[in-house]
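# Analysis of the macromolecular model
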Amino acid sequence: MVGAALVEDGMLLAQQRRYPAVHAGGWELPGGRVEPGESESEAVVRECREELGTEVRALERVGTDVPLPGDSGMSLRVRLACRVAGARLPVPLEHRALRWVGSSELAELPWLEADRLLLDSLRALLDPGSGKQDPK
Ligand SMILES: Nc1nc2c([nH]c(=O)n2[C@H]2C[C@H](O)[C@@H](COP(=O)(O)OP(=O)(O)OP(=O)(O)O)O2)c(=O)[nH]1
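Let us look at the structure shown here. Because the structure is a prediction, the values reported are computed rather than measured.

Surrounding the ligand, one finds 15 residues, the nearest of these being Met-1, Arg-17, Leu-29, Gly-31 and Asp-115. Taking Leu-29, its main chain carries an N or O atom lying 2.8 Å from a nitrogen atom of the ligand. A distance of 2.4 Å separates an oxygen atom of the ligand from a polar atom in the side chain of Asp-115. Secondary structure elements with two or more residues in the shell around the ligand: strand E4 (31–32) and helix H2 (113–116). When grouped by side-chain class, the residues that make up the shell around the ligand number 7 nonpolar, 3 polar and 5 charged.

Printed below as a string of structure tokens:
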């Protein structure tokens, strides 16, 4: 599974699931399964088109792979994404809601379990100066 960390003006785009019941109401990153023959970057671009109706470019990986709950053996890998200049604003085509969240609000959302494990990495993306590894 690939997820897109779409960042704009220091805010991260989160979306709220509508289904299945076990995930409904939970927040996650845009994304989905990488289809056969598709690269991870291509999957990020396609999923953002399908879910948000916008065009993005997929950039570097964010954080480490997080195993998804259950016995699927799949994991979630996140890539930074940026909206292509002039592309439409994201709209929730498949989700209940979208929200742009700043670093201080990240922890307030009821994220899906896998995403919750990525919050430190996502916060570091939004607040580049505040990372623990940054000596300055
Ligand atoms: N897209 C996405 N899925 C996530 C995240 N975190 C997380 O645990 N998941 C889980 C929820 C689902 O069990 C699984 C993938 O769900 P999905 O509905 O997006 O993927 P899919 O393969 O059905 O893709 P699609 O055909 O609906 O586009 O991954 C996340 O941040 N983004």
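More follows now that the structure is in view.
Along the chain, Gly-102 falls in the loop between strand E7 (97–101) and H2. Contact partners of Gly-102, with chain neighbours within four places excluded, come to Gly-10, Met-11 and Leu-126.

Turning to helix H1 (residues 40–52), a few remarks are in order. With 13 residues, H1 should reach 18 Å at 1.5 Å per residue; the first-to-last C-alpha distance of 17 Å fits that figure. Among all positions of H1, only Ala-43, Val-44, Val-45, Arg-46, Glu-47, Cys-48, Glu-51 and Leu-52 are buried. If you follow the buried residues of H1, they end up packed against strand E1 (2–8), strand E2 (11–16), E4, strand E5 (56–67), strand E6 (75–83) and E7. Positive phi shows up at Gly-53, right after H1, with a value of about 65 degrees.

Another point: the nonpolar core. Side chains that are nonpolar tend, in soluble globular proteins, to be buried together. Residues Leu-12, Val-78, Val-101, Leu-106, Trp-111 and Leu-122 are the most contacted members of the largest nonpolar core, which totals 19 residues. Among the elements of the structure, E2, E5, E6 and helix H3 (119–126) are those that each provide at least two residues to this core. When sequence neighbours within four positions are dropped, the list of residues in contact with Leu-106 reads Leu-12, Val-101, Trp-111, Leu-119, Leu-122, Arg-123 and Leu-126. Within the second largest apolar cluster, 12 residues are counted, among which are Val-2, Val-45, Cys-48 and Ala-58.

Rules of the game
Residue numbering note: each chain is counted from 1, following its sequence as written. Given that this is a predicted model, residues contribute local features only at a pLDDT of at least 70 and side-chain atom pairs are listed and counted only at 80 or more, while totals for whole chains, interfaces and linings are drawn from all residues. The side-chain figures draw on all heavy atoms in the structure; neither hydrogens nor water molecules are used. Neighbouring residues are identified by heavy atoms, a residue being near a molecule or strand if any of them is within 4 Å of it. By the criterion applied in these results, polar contacts are pairs of N or O atoms within 3.5 Å in which, for protein atoms, one can donate a hydrogen and the other can accept it, and in which residues neighboring in sequence qualify only through two side-chain atoms. Here a helix means four or more residues in a row that DSSP labels H or I, a strand means two or more in a row labelled E, and each is numbered from the N terminus. All amino acids are sorted into three groups, where Ala, Val, Leu, Ile, Met, Phe, Trp, Tyr, Cys and Pro are nonpolar, Asp, Glu, Lys and Arg are charged, and the leftover types, Gly among them, are polar. Whether two residues are in contact is decided by their heavy atoms: any pair within 4.5 Å suffices. In this scheme, a helix's expected span is set at 1.5 Å multiplied by one less than its residue total. In this scheme, a residue with accessible area under 20% of its type's maximum is buried, one over 50% is exposed, and one in between is partly exposed, where area comes from a 1.4 Å probe on protein chains only. Nine residue types can take part in a nonpolar core, namely buried Ala, Val, Leu, Ile, Met, Phe, Trp, Tyr and Cys, and a core is a set of them joined through side-chain atoms within 4.5 Å.

None of this, on its own, says anything about what the molecule does.
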